[in-house]
2 protein chains.
Amino acid sequence: MPVTLKDIAERVGYSITTVSRALAGYDDVAESTRQLILKTAEEMGYRPNATARRLRARRTDTIGFVIPTHGPRFSDPFFSELLAGIGNEAARWELDLLVSTRAPGEEELAAYQRMVTERRVDGLLVVRTRRQDPRIAYLLEKGFPFVAFGRSDLGADFPYLDVDGRQGVRELTEHLISLGHRRIGYISAPLDLMFASHRLEGYKDALEAHGIPLDERLVVIGRLTEQSGYEAGRALLEREEPPTAIIACNDLMALGVISAAQSLGLQVGRNVAVAGFDDIPLAAHAQPPLTTVRQPIYEIGRRICQMLIQLLREGSPEEPHVILRPRLVVRESCGSTRPKGGETDDAELQTYPQQTIRSIPNPVVDKGGVR
Amino acid sequence: MPVTLKDIAERVGYSITTVSRALAGYDDVAESTRQLILKTAEEMGYRPNATARRLRARRTDTIGFVIPTHGPRFSDPFFSELLAGIGNEAARWELDLLVSTRAPGEEELAAYQRMVTERRVDGLLVVRTRRQDPRIAYLLEKGFPFVAFGRSDLGADFPYLDVDGRQGVRELTEHLISLGHRRIGYISAPLDLMFASHRLEGYKDALEAHGIPLDERLVVIGRLTEQSGYEAGRALLEREEPPTAIIACNDLMALGVISAAQSLGLQVGRNVAVAGFDDIPLAAHAQPPLTTVRQPIYEIGRRICQMLIQLLREGSPEEPHVILRPRLVVRESCGSTRPKGGETDDAELQTYPQQTIRSIPNPVVDKGGVR
DNA sequence: AGTATAACCCAAAACGTTTTGGACGTCAAG
DNA sequence: CTTGACGTCCAAAACGTTTTGGGTTATACT
């Protein structure tokens, strides 16, 4: 039987109002009374009922996050890290985080609708935006607060943070070209994913800038999993004229490509170059270490969460449209001649100094009450 | 401005009570009235307010899950898959899932306390149990419903599901011994983790059964990350008398060991055997594919969630103590001579039919008679 | 003495729902 | 004509909190 304001009120002989106001730190309560109430509340182990508060405040102090999966499962380290970033930022502001995992489709949209219409959350985080993204269209139509990781082609305005994947892949591709590669395979993700088409553009940009004609047989579409990268990698490498380098549009697939190459007896970094995108922790420890394009995933999680909080608290994020520039990370998988075992391999300890991260005023100010 | 029962009541000219009861399907509402109300509610886009419902029902229809991390981040695919299992099962029952990520310690316990005392959730899932686990002690003391993944040494009874890690590692170790290995390195996790000490026992069991004396210099403790496995692997392999095989108590560290071995110019599967535990999706696609002990992570997530739901709905899970027997999965990393590229590599499609699920003798048998 | 001011306190309403315990009318049976 | 049963409906309470708009008392000032 949890303790309520009423219980305290009865015990101390004051009204519920007074107890509530004493606990909340209002100054229209005598100091002696407040002390008594504080002490009694402490003794009785009072903790306010979150649900009642929410009903009264017409706020849930909860944000929602639907993790996109392929099939029922997910084990993409990318989302793990994103989730950690979001979760820790939410915790800093004493917000709850409601999480679902759904494969794109009807059920996914239904999950959004449930959160919105039944007012389970105050705002939503939308990740992995898609062409004509129905989630975004829905939220815009409802006027429901959200922040997206990724842009859209809906032609509507909404707050987002994105990474310039086009630029990132362009740099990566140019790096490979500068190493002498001309036949560069590219493993994309389904093109209804915004980031997939952005990154593919970057690949095309680089080829064009260097006068290399696009060979469509070198471009295949994967499902973003390692398994899928493995299959796509084998398919590319078993062609009559195989590519000398392969770019996968995420690290997980790139790891699959490494695996595929090795299963064919190729030496990655010597016989074939492989590169990815994301810089998940596994990338640095792959054998050989994976050349990739780093996006600061954990920080991205924090920042989109921050933006959503600003949107919720102040009506709009300080900066509603943020594009981060990713950074090329050259490692051995594309045959670079960097010294091995260098200290920069220590990805876990790296921060992103080039990243400008604005701090937000101040998260939770404890007034000293029970609240 | 969301639609409430009151809005509908005003529109149709009936009371709030009648609207509520019509919507809820009670039979004390005239059929014609019900139709009108149903139609109007539909038109107006009525959806019940979850918070109000919860307050009234004194239930949150939400379960909580605190993901343990090391440091602020986490990217252990193990938890991703577990989360997916939990999340999908929760969704099936229309339950919300409240997620936090916390490193073990004070803040972690505070997260539990917050969920419990402020009644944010109806029940909790506790994973990666520890010696004298303070979370479990706390929940038991409060009498708060929870289900654990992993046993405890608190000497108290509570519902849990666990995998027999001792048996799993024992089989794994015996497999290596049968291949002729005598100097087998072992990378454990911190021993306050219950699963870590269980698995270590399995290792010792196997050595003892085969008359191999335990060499303590071959046992090191890692932090469960790939980075940590890499470091521990190097440390072991750079000894004067290096082990000929290394077992890591989870796959992520085993991947690090593979990386370490290769960085020293060793060929994994030929010069040194490496094995892990978990069978995360990456294990099958490592190069060489990783010998490991499979636990059906996704299913475990579903099941502990199921157990919690039973506990919440019926007072106790059907089977409050479940121990799953894991299965040895032999792949090339320990030098097996299995044909390569076999179809069984397709881990994503596999189910676990061979899983025998023993329940532990049940002291109290509910006869389910008349009361 | 009367009145303004400050200090302290509280009843009631509100958030949106579900449930309790009836009320009212009609109709059939006695 | 009375009684009981049935079919419909609803006022009010309850969940636990916060806020509004006061009220009461003592003190200080004219």
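Residues numbered from 1 in each chain as written. Chains lettered and ligands numbered in written order. Predicted model: local features only at pLDDT ≥ 70, side-chain atom pairs only at ≥ 80, totals over all residues. Heavy atoms only, no water.

## Quick notes on unusual backbone geometry
With glycine set apart, most residues show a phi of negative sign, and most peptide bonds adopt trans. A cis amide bond links A:Q287 with the next residue in sequence, A:P288, at an omega value of -5°. Relative to the elements of secondary structure, A:P288 occurs in the loop between helix 12 (281–285) and strand 10 (292–294). Positive phi is not limited to glycine here, since B:L224 has a value of about 80°. With respect to the secondary-structure elements, B:L224 resides in the loop between strand 7 (219–221) and helix 10 (226–237). (Helix = DSSP H or I, 4+ residues; strand = E, 2+ residues; numbered from the N terminus.)

## Re the protein's contact with DNA strand C
Taken together, 24 residues are adjacent to DNA strand C, and A:T17, A:T18, B:L5, B:Y46 and B:R56 come closest. Restricting the count to atoms of DNA strand C within 4 Å of the protein gives a sugar and phosphate share of 61%. Within the backbone of B:L5, one N or O atom sits 2.7 Å away from a phosphate oxygen of DNA strand C. B:Y26 places a polar side-chain atom, nitrogen or oxygen, 2.9 Å from a phosphate oxygen of DNA strand C. At the level of secondary structure, the elements contributing two or more residues to the surface near DNA strand C comprise helix 2 (16–24) and helix 4 (50–57) of chain A together with helix 2 (16–24) and helix 4 (50–57) of chain B. At 4 residues, the largest contribution of residues to the surface near DNA strand C is made by helix 2 of chain B. Classifying every residue of the surface near DNA strand C by side-chain character gives 10 nonpolar, 8 polar and 6 charged. (Near = heavy atom within 4 Å. Polar contact = N/O pair within 3.5 Å; in protein donor to acceptor, adjacent residues only side chain to side chain. Nonpolar A, V, L, I, M, F, W, Y, C, P; charged D, E, K, R; others polar.)

## A look at the relation of the copies chain B and chain A
Take chain B, turn it by 180°, move it 0.1 Å along the axis, and it overlays chain A with an RMSD of 0.1 Å. Here the transformation between the copies is reduced to the relation of a two-fold axis. Of the C-alpha atoms belonging to chain B, the one lying closest to the rotation axis is found on B:L98, 2.3 Å away. A share of 98% of interface residues in chain B that are also interface residues in chain A marks the association as one of identical surfaces. (Least-squares fit on C-alpha atoms with pLDDT ≥ 70 in both. Contact = heavy atoms within 4.5 Å.)

## Looking at the domain arrangement of chain A
Annotation of chain A at the domain level lists domain 1 (5–47), domain 2 (62–163 + 299–324) and domain 3 (165–294 + 327–336). For domain 1 of chain A and domain 3 of chain A, the distance between their C-alpha centroids amounts to 64 Å. (Domains from an automatic or database assignment.)

## Thoughts on the interface of chain B and chain A
The interface is formed by 55 residues belonging to chain B together with 55 residues belonging to chain A. When the area that chain B buries against chain A is broken down by residue, the three leading residues are B:R73, B:R119 and B:H285, summing to 13%. Put simply, chain B and chain A have 6 salt bridges between them. Salt-bridge contacts for A:R114 lead to B:D96; the nearest nitrogen and oxygen are separated by 2.8 Å. Summed over the shared surface of chain B and chain A, the result is 21 residue pairs in polar contact (both at pLDDT 80 or more). (Buried area = accessible area lost by both parts, 1.4 Å probe. Salt bridge = Lys/Arg side-chain N within 4 Å of Asp/Glu carboxyl O.)

## Overview of the protein's contact with DNA strand D
What surrounds DNA strand D is a group of 23 residues, the closest being A:L5, A:Y46, A:R56, B:S15 and B:T17. The contact atoms of DNA strand D, taken as those within 4 Å of the protein, divide so that sugar and phosphate hold 59%. At 3.1 Å from a base nitrogen of DNA strand D is found a side-chain nitrogen or oxygen belonging to B:D28. Interatomic distance of 2.9 Å between a side-chain N/O atom of B:T33 and a phosphate oxygen of DNA strand D. Those elements that place two or more of their residues in the surface near DNA strand D are helix 2 and helix 4 of chain A together with helix 2 and helix 4 of chain B.

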